[in-house]
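A structural walkthrough
Here are the chains, one letter per residue:
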Amino acid sequence: MSTPPRIFVSYSRKDQRFADELMMHLSPLQRRFTFDLWTDQKIAPGDSWKSEIEDALRSADIALLLVSADYLASEWISGTELPRLLERAREGQARVIPIILRSSRWTHTPLVYFQALPRDAKPFAELTEAERDRAWVDLVEVLEAELQRLTSSEAVSAQPPATPKETAKGAKREKPATVRRSEKQRPKFFISHAKEDGDFAENLKGRLKEVGLDGWIDIDVLEAGVDWRKEIDEAILASQALILILSPDSKSSEYVTYEWAFALGSGLRIVPLMLRDTGIHPRLEAFQYLDFTNRRARPWSRLVALLEEISGERVALTDTPIGGERSE
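Residues numbered from 1 in each chain as written. Predicted model: local features only at pLDDT ≥ 70, side-chain atom pairs only at ≥ 80, totals over all residues. Heavy atoms only, no water.

**Some points on the overall build of the chain**
Rule in force here: A run of DSSP states H or I qualifies as a helix once it reaches four residues; a run of E qualifies as a strand once it reaches two. Both are numbered from the N-terminal end. For each residue, the accessible area found with a 1.4 Å probe, counting protein chains only, is set against the maximum for its type, and the residue is called buried under 20%, exposed over 50%, and partly exposed in between. Whether two residues are in contact is decided by their heavy atoms, any of which lying within 4.5 Å being enough.
Along the chain, the regular secondary structure elements total 13 helices and 9 strands. Across the 328 residues of the chain, 43% fall into the buried class. Relative to all contacts within the chain whose residues are 6 or more apart in sequence, the contacts with residues 24 or more apart total 71%.

Structural data, given as structure tokens:
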């Protein structure tokens, strides 16, 4: 009998109340799927806690990291648990999902390379009760999809390959796709923005779609536990230009700075849009920005014309708001 998937929960004992909330929200999932939910509570009296944890680390398929200042301060976690789990993630053997419990400098650790929950990385401790419940539900949905993937992959690998005779008898076999779906759907323009400017980014993406241009926004594609830097690097390199939404929030965002710096270093065209007045980084001063600070007179036509020039595509161009005025 095959071993069920193992979910490893890594946390500080000082965050026990959050660990208890997590277990409560995972209970319905345990009734639908067969999996091993491992926490240090499984260590029986008299067992070697160190060897028990190391065994669990070696077999983890999914790792839930309950991140807080206490978590990052733990010598055992930072010296043993995290390095082992991150190594398994890099080797494709485990999926690592940081869950931000309380404010800390987690963005200055390797955890910043993985898509975290809640989606906007706002700590659980700062959420309302309704927001916290929604965030736990988001996590359960991510785990449900991952468990389905793990169990279906195991079922497929357990099937013996069809023999030439069986195939000749008419057993239909899937023809492998020559191009992956993600490659077919890669965007033409990468939209870099701070989460505070997310509504405008969504509006921009919608307007581009209406004139036949595609935009890429990380919140639509990245999943929790995914190495976000690798995914974003690939999306930027597959784009024809990076549209940079300038605002005080984007200026201070480490994520946005990384995105435009990577694009610039890769020789990609940068198209800055000044959404809210802010100072401009010296490396961006050479780029003329489009002024979008006046909501009633935003130069949508000039933007589309510029993107048309960059992409070489023929798109419909009007001076009136595309699709009528919409809220942002």
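**A look at the sheet that holds strand 1 (residues 6-10)**
Where strands meet in a sheet, backbone hydrogen bonds hold them as pairs that are either parallel or antiparallel. As a reminder of what qualifies: What makes two strands pair is DSSP finding at least two bridges between them. In this analysis an axis means a line fitted to C-alpha atoms, helices contributing only their contacting stretch, and an angle means the value between N-to-C directions, from 0 to 180 degrees.
Pairing in this open sheet of 4 strands is parallel, and the strands run 2-1-3-4 from one edge to the other. Lying at the two open borders of the sheet, with one neighbouring strand each, are strand 2 (36-38) and strand 4 (95-100). With direction set aside, neighbouring strand axes in the sheet form an average angle of 15°. Pairing of strand 3 (residues 62-67) with strand 4, which is carried by 6 bridges, proceeds in the parallel orientation. Residue pairing for strand 4: I62 is matched across the bridge by R95. Against the sheet, helix 1 (residues 16-32) touches strand 1, strand 2 and strand 3, its axis set at about 150° to strand 3. Against the sheet, helix 4 (residues 75-90) makes contact with strand 1, strand 3 and strand 4, and its axis sits at roughly 145° relative to strand 1, the strand it touches most.

**Some thoughts on helix 13 (residues 300-311)**
Count 3.6 residues to each turn of an α-helix, and residues three or four apart come out pointing the same way. Using the following cut-off: A helix is expected to span 1.5 Å for every residue after the first.
For helix 13, built from 12 residues, the straight-helix expectation of 16 Å at 1.5 Å per residue is met to within 8% by its first-to-last C-alpha distance of 16 Å. Those residues of helix 13 that sit buried are W300, S301, L303, V304, L307, E308, I310 and S311. Buried residues along helix 13 sit in contact with strand 5 (189-192), helix 8 (198-210), strand 7 (241-246), strand 8 (269-274) and strand 9 (290-291). Following helix 13 by one or two positions, G312 adopts a phi angle in the positive range, close to 80°.

**Some words on the confidence of the model for the chain**
Our working rule: Here pLDDT means the predictor's own confidence in every residue, given as a number from 0 to 100.
Confidence in the prediction for the chain averages 79 pLDDT; 78% of positions are at 70 or higher. Scored below 50 in pLDDT, residues 313-328 shows 37 contacts in the model against residues more than four places distant or in partner chains.

**Thoughts on the sheet that holds strand 8**
Strand order in the open sheet formed by 5 strands is 6-5-7-8-9, with parallel pairing between adjacent strands. Bordering the open sheet on either side are strand 6 (215-216) and strand 9, each of which pairs with just one other strand. In this sheet, strand 7 lies alongside strand 5 in parallel orientation, the contact comprising 4 bridges. Of the residues in strand 7, the one forming a bridge with F190 is L242. Packing of helix 8 onto the sheet brings it into contact with strand 5, strand 6, strand 7 and strand 8, and relative to strand 7 it is tilted by some 140°. Each of strand 5, strand 7, strand 8 and strand 9 touches helix 13; the most contacted strand, strand 8, lies at about 175° to it.

**Overview of the environment of H193**
Tracing the chain through its elements places H193 in the loop between strand 5 and helix 8. On the basis of relative accessible area, H193 is assigned to the buried category, the value being 13%. Sequence separation of H193 and W260 is 67 residues, and the distance between their C-alpha atoms is 9.9 Å.

**Remarks on helix 4**
Worth spelling out the cut-off: Bend is the name given here to the angle between axes fitted to two runs of seven residues, the run ending at a residue and the run starting at it.
In this model helix 4 runs 22 Å from its N-terminal to its C-terminal C-alpha over 16 residues, within 8% of the 22 Å that 1.5 Å per residue would give. At L82, helix 4 shows its largest kink, close to 35°, and the proline P83 lies no more than four residues downstream. I77, T80, E81, L82, L85, L86, R88 and A89 are the residues of helix 4 that are buried. G92 sits one or two residues past helix 4 and shows a positive phi near 75°.

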